Amino acid sequence: MLDLDTTNSIEPSSTTHIPHRENIPSLASFVYGTWHHATQDFREVYHAITGEPIYRVSSHGIDMAKAVNYAKQHGAELANWTFHQRANALKQIAQALLERKEEFYALATATGATRKDAWVDIEGGIQTLFAYSSLVRRELNDEKIITEDAWIPLSKHGSFGAKHILSAKAGVAVHINAFNFPIWGMLEKIAPTLLAGVPCIVKPATDGAQLTQAVVHAILDIQLLPQGALQLICGQTYDLFEQLSAQDCVTFTGSADTGQKLRQHPHLNRHSIPFSMEADSVNSAILSPEANETTIELFVREVFREITSKAGQKCTAIRRAFVPENLLDTVQSQLINKLKKVVVGDPARSDTTMGALASLKQKQDVTHKVQLLAQEAEIVFGGNPDFKFNAEFPERGAFFPPTLLRCTTPDQASIIHQTEAFGPVCTLMPYQSIEQLAHLVARGEGSLVASIVKNCDENIETLVQKIAPWHGRLHILDEESAKESTGHGSPLPHLVHGGPGRAGGGEELGGIRAVKHYMQRTAIQGSPNSLTQVTHAWTAGASVREDRVHPFKKDFDELVIGERLLTARRTVTESDLVNFACLSGDHFYAHTDKIAAANSFFGERVAHGYFIVSAAAGLFVDAAEGPVIANYGMDNLRFVEPVKIGDSIQVELTCKQKTPKPQKDPTQPAHGVVVWDIKVKNQHQELVATYDILTLVARAANH
Ligand code: NAP
């Protein structure tokens, strides 16, 4: 639901009803726990199809210092939640947003987007929340900090060492977003920030801000986040930057011009406040040499989709399409044939296949950029103002035709490689060699993404090596991957999004990497006991305690970190090797062939590594029925020294870490995961194998 000035409010779903000019509602911001309604300094936002004013935006009167302090005082409560608590909240938020998605689709029509375009923003954004929630629950322990290392030894006798930890920054993240993805743009940033335990202040672009505001409203409605964890500034930032300090950060998505200006803000520089920038990008698509008919078709389909989807207003859209010289005419005519069928107009009309730009200002900007590009290239399709648009009043909407240019001398061109027309615009260019191609691609001076469209059997390592340093992502498309490819233009939660140079030099997404951007990495030096205490994970060398009760007889809640079982010994015999070889079918010469083994690295027969693991289990397992439900897996297995016939092995099993699991199925016993550190040693106290095993252990009845 929109939060608008109450005197001039409109129903959220009635975006096609345009109020009289003197009666335009204003969009409220949400700061320090309340909706702020400005009274002056407004900027009007216009309907992309009808051109009529739909709302006004101003953040005049917001006390920015108070908003920043509010985040730090109240929103910082997030840092006291564990990763899994934050992830569970995010999942519930995603579910709540999904239930209200039609409200957002209704609002999106005013931005000129077709339903398909809006899907990327709305459901793509919500899916990013789901993806991050599940990533964190899967990959991070249910702790408040991330521990990066097992143990970095720094002393001879093991009493001093280190680990790196990451902890939530004690600040606020200010996210300034571009107009083209008002929902996804916010959600892909707040997901990792909130998961890191850091509160956010979101400042959407004025165009499209009503969508961001509606989503913030929906998030606040379910009251899951601590007060101050999410604030929204619709309008200008005024003196917001001056209120920030060393633990805060700013992320910016938008044009390079604005980004460069903001990045140089003296207050940010003086206080070393991180500024991450995602900006213009003159992305490429490359059709490989010797392309066959199918490859050409794939290439044309990809370029066409990137020109038309979201009317080309995607930071990842293909702006430069490189084609082998002999295929330039073929590709051009196939592309034009497809572009001719595009129906540009009002997305409310069922036959419209491409919507409008977000605003008349954008239309002006794209028109100007096409004029610039036309200094170095010929417009071979579109570009013309007399294009027929599918709308009642075509002259009022921000419509722009899909536009294809052709530049036959890309080596001499510069505007083509440097200018991003943020609309349905792409330039075709020929190349003669891989060397020249790599050089031309690099003239974009850093991009978010490039696609290489190739025949299945082609060798492309050289090209990838040459152009990868200029990109955040490379998408290799061929007949094999085309069946399931997510496409050139889709940033994915698990993959990094960002690029060097012109693209801003920032990095977003990329799975857990994104969460770490909002955390401080600190090397913690100390004794094994201190590090065990800090990280809640037993560290080799830290104190252990032994009990007469076998640890497998204890439920999850009774077990103590550092609890140890030292097993009996077992002497490995020749029969063990023979029996294990027969049982497993593994007759590798080093275990079974006395002569070959004598000539081998080991000088004699050695036990199978898997036998050692199995024999170790035989030594430490308590066979009787008890609280241990199952073996869940094994991590970090290393065979350190060989075990020879006649050697005696002994196991140290130490309770390393405990993670309670939420009880999804009430018919199953409540349980948690216990990680055990396993060290198998020989009769000389030498380590022969080390690993972690994970067991599911039932919780106490009264946990
Ligand atoms: P923009 O004009 O640079 O605006 C970006 C954001 O900065 C908006 O929220 C804008 O707010 C704000 N802003 C402008 N001046 C400011 C100032 N002095 N202080 C604080 N904030 C300020 O860019 P846009 O037109 O919205 O977006 C289009 C551009 O974004 C394209 O070039 C596109 O390539 C790029 N983009 C990049 C990515 C990426 O991930 N790399 C993603 C999407 C878009 P107002 O709207 O209120 O002015």
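Since the model is a prediction, treat every value here as computed from it, not as a measurement. Counting restarts for each chain: residues are numbered from 1 in the order of the written sequence. The model is predicted, so local features are restricted to residues of pLDDT at least 70 and side-chain atom pairs to those at 80 or more, both for listing and for counting; the totals for chains, interfaces and linings are taken over all residues. Computation of side-chain values covers all heavy atoms of the structure but excludes hydrogens and water.

Bringing the overall build of the chain into the picture now. Secondary structure elements are defined from DSSP: runs of H or I of at least 4 residues count as helices, runs of E of at least 2 residues count as strands, and each element is numbered from the N terminus. Looking only at helices and strands, the chain features 21 helices and 30 strands. A principal-axis box enclosing the C-alpha atoms of the chain has dimensions of 90 × 65 × 50 Å. Relative to its full complement of 703 residues, the chain shows a buried share of 55%. Whether two residues touch is decided by their heavy atoms; if any such pair falls within 4.5 Å, the residues are in contact. Relative to all contacts within the chain whose residues are 6 or more apart in sequence, the contacts with residues 24 or more apart total 74%. Here, Shrake-Rupley sampling with a 1.4 Å probe gives the accessible areas, and only protein chains in the shown set may cover a residue. Here the chain displays about 30,500 Å² of accessible surface, and carbon together with sulfur accounts for 50% of that area. The convention is simple: Lys and Arg are positive, Asp and Glu are negative, and His and the chain ends are not counted. For this purpose, a charge sits on NZ of Lys, CZ of Arg, CG of Asp or CD of Glu. Side-chain charges in the chain split into 65 positive and 78 negative, and the spacing between the mean points of these groups amounts to 3 Å. Think of it in three bands: with a 1.4 Å probe and only protein chains considered, a residue is buried below 20% of the maximum accessible area for its type, exposed above 50%, and partly exposed in between.

Axis lines are fitted to C-alpha atoms, over the contacting stretch for helices. Their N-to-C directions set the angle, which ranges from 0 to 180 degrees. Here helix α2 (residues 83-99) crosses helix α5 (residues 184-196) at 150°, and the two axes come no closer than 8 Å. Considering their axes alone, α2 and α5 lie roughly antiparallel with respect to each other. Here Phe83, Arg86, Ala87, Leu90 and Leu97 of α2 come into contact with α5, specifically with Leu187, Ala191, Leu194, Leu195 and Ala196. Any residue outside Ala, Val, Leu, Ile, Met, Phe, Trp, Tyr, Cys, Pro, Asp, Glu, Lys and Arg is labelled polar, Gly included; the first ten of those are nonpolar and the last four are charged. A per-class count over the contact of α2 with α5 returns nine nonpolar, no polar and one charged. Relative orientations are named as follows: roughly parallel for angles under 35 degrees, roughly antiparallel for angles over 145 degrees, roughly perpendicular for angles from 65 to 115 degrees, and oblique for any other angle.

A few words on the UniProt feature "domain: MaoC-like" (unreviewed entry) in the chain. UniProt feature "domain: MaoC-like" (unreviewed entry): in the numbering of this structure it lies at residues 561-663. From the first C-alpha to the last, residues 561-663 spans 22 Å; its make-up is 31% helix and 30% strand. UniProt positions are given in the numbering used here, feature names are shortened, and annotations may be inferred rather than shown by experiment.

All right, on to the sheet that holds strand β14 (residues 283-287) then. Pairing is mixed in the open sheet, where seven strands are placed in the order β16-β17-β18-β15-β14-β19-β20. Looking at the sheet topology across the chains shown, the edges are occupied by β16 (378-381) and β20 (471-477). Neighbour-to-neighbour, the strand axes of the sheet open up by a mean angle of 25°, direction not taken into account. Sheet topology note: the strand β17 (residues 403-406)/strand β18 (residues 425-431) ladder contains four bridges and is parallel. Considered in β18, the bridge of Leu405 is made with Thr427. One bridge is not enough; two strands pair if DSSP finds at least two bridges between them.

A few words now on helix α7 (residues 256-263). Here α7 has its buried residues at Ala256, Gly259 and Leu262. For α7, the angular spread of the buried residues around the axis is 135°, confining them to a single face. Exposed and facing more than 90 degrees away from the buried side of α7 are Asp257 and Lys261. Buried residues belonging to α7 abut β9 (173-176), β12 (249-253), α8 (266-270) and β13 (275-278). Working note: the arc is built from the helix axis to C-beta atom directions.

Another point: the sheet that holds strand β4 (residues 43-46). Reading across from one edge, β1-β5-β4 is the order of the three strands in this open sheet, with mixed pairing throughout. Across the chains shown, the open sheet's two edge strands, defined by having one partner strand only, are β1 (26-27) and β4. Sheet topology places β4 next to strand β5 (residues 53-57); four bridges connect them, and they run antiparallel. Bridging from a neighbouring strand, Val45 pairs with Tyr55 of β5.

This part takes up the pattern of salt bridges. By definition, a salt bridge exists where a carboxyl oxygen of Asp or Glu is found within 4 Å of a side-chain nitrogen of Lys or Arg. Evaluation of the coordinates by the stated rule reveals 27 salt bridges. The shortest N-O distance in the salt bridge between Asp221 and Arg100 comes to 2.8 Å. Of this pair, Asp221 sits in helix α6 (residues 209-221) while Arg100 sits in the loop between α2 and α3 (101-108); the two residues are 121 residues apart in sequence, bridging distant segments of the chain. Take Asp221: its relative accessible area is 38%, and that puts it in the partly exposed class. Arg521 is the salt-bridge partner of Glu148, the closest N and O atoms lying 2.7 Å from each other. Linking Glu148 in the loop between β6 (146-147) and β7 (152-153) with Arg521 in strand β23 (residues 519-526), this pair joins segments that are 373 residues apart in sequence. Salt bridges sharing partners connect three or more residues here, namely Arg100, Glu103 and Asp221.

On to the site of the ligand. Around the ligand lies a shell of 25 residues, among which Asn177, Thr206, Ser255, Thr258 and Glu420 are the nearest. Contacts described as polar in this section are N or O atom pairs within 3.5 Å, which, within protein, must combine one atom able to donate a hydrogen with one able to accept it, while residues neighboring in sequence count only if both atoms come from side chains. Residue Ala205 places a main-chain N or O atom 3.4 Å away from an oxygen atom belonging to the ligand. When the ligand sits alone it has 910 Å² of accessible area, and the protein chains cover 83% of it. Breaking the shell around the ligand down by element, the ones donating at least two residues are β12 and α7. Taken together, the residues of the shell around the ligand sort by class into 11 nonpolar, nine polar and five charged. What makes a residue near a molecule or strand is one non-hydrogen atom of that residue sitting within 4 Å of it.

This paragraph deals with the nonpolar core. Among the nonpolar cores identified, the biggest contains 65 residues, and Leu97, Phe104, Tyr132, Leu187, Ile190 and Ile219 are the most heavily contacted of them. Excluding residues that lie within four positions of it along the chain, Leu187 makes contacts with Leu97, Gly125, Ile126, Leu129, Pro192, Val215 and Ile219. In these notes, a set of buried Ala, Val, Leu, Ile, Met, Phe, Trp, Tyr and Cys residues joined through side-chain atoms within 4.5 Å is what counts as a nonpolar core. Listed in part, the 64 residues of the second largest apolar core include Ala48, Val303, Val323 and Val370.

Time to look at unusual backbone geometry. For Asp41, which is not a glycine, the phi torsion comes out positive at approximately 70°. Structurally, Asp41 is set in the loop between β3 (34-36) and β4. Asp41 gets classed as partly exposed once you look at its relative accessible area, which sits at 42%. Look at Asn636: it is not a glycine, yet its phi comes out positive at around 55°. Following the sequence through the fold, Asn636 ends up in strand β27 (residues 628-639). Classification of Asn636 as exposed rests on a relative accessible area of 57%.

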